[in-house]
Amino acid sequence: MDGMTGDEGVLERAVAGLRTAEMAVIEARRKVTAAIIAERRAGMSVPEIAERAGKTPIDIRNVLNVAGLT
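Conventions used here
- Residues numbered from 1 in each chain as written.
- Predicted model: local features only at pLDDT ≥ 70, side-chain atom pairs only at ≥ 80, totals over all residues.
- Heavy atoms only, no water.
- Helix = DSSP H or I, 4+ residues; strand = E, 2+ residues; numbered from the N terminus.
- Buried < 20%, exposed > 50% of the residue type's maximum accessible area, 1.4 Å probe, protein only.
- Areas by Shrake-Rupley, 256 points an atom, 1.4 Å probe, with all protein chains shown as cover.
- Lys, Arg positive; Asp, Glu negative; His and termini not counted.
- Charge placed at Lys NZ, Arg CZ, Asp CG, Glu CD.
- Contact = heavy atoms within 4.5 Å.
- Core = buried A, V, L, I, M, F, W, Y, C linked by side-chain atoms within 4.5 Å.

## Section: the overall build of the protein
Secondary structure summary: the protein contains three helices and zero strands in total. Start at the N end of the protein and walk to the C end: the helices and strands fall as α-α-α. For the protein, the spread of C-alpha atoms along the principal axes amounts to about 65 × 15 × 15 Å. In the protein, which comprises 70 residues, the proportion classed as buried is 11%. Carbon and sulfur atoms make up 57% of the accessible area of the protein, which totals about 5600 Å². The centroid of the 10 positive side-chain charges in the protein is displaced by 12 Å from the centroid of its 10 negative side-chain charges.

What follows is the structure in structure tokens.
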């Protein structure tokens, strides 16, 4: 068959690996979001959360706004 490589299935395995990585990123984002919300509810300031998370205060405020914690 034209266009076939010596390693059939390499594309499918790569796509499967990408999907697995994408799911891991989604889960990690959920965990970070939950941690941001928990820290804010515990009284930590937005600037401190941002510094600890390596994000800007605007990023943290956006997360909190989506969670209804403005």
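## Comments concerning the environment of Ala 50
Summarising the element assignment, Ala 50 is placed in helix α2 (residues 46–53). Ala 50 gets classed as buried once you look at its relative accessible area, which sits at 1%. C-alpha of Ala 50 to C-alpha of Ile 36: the two residues are 14 residues apart in sequence and 8.9 Å apart in space. Contact partners of Ala 50, with chain neighbours within four places excluded, come to Lys 55, Thr 56, Pro 57 and Ile 60.

## Here we look at the nonpolar core
Counting eight residues, the largest nonpolar core is built from Ile 36, Ile 37, Met 44, Val 46, Ile 49, Ala 50, Ile 60 and Leu 64. Ranked by residues supplied to this core, first place goes to α2 with three residues. Those residues in contact with Ile 36 that sit more than four places away from it in its chain are Ile 49, Ile 60, Val 63 and Leu 64.

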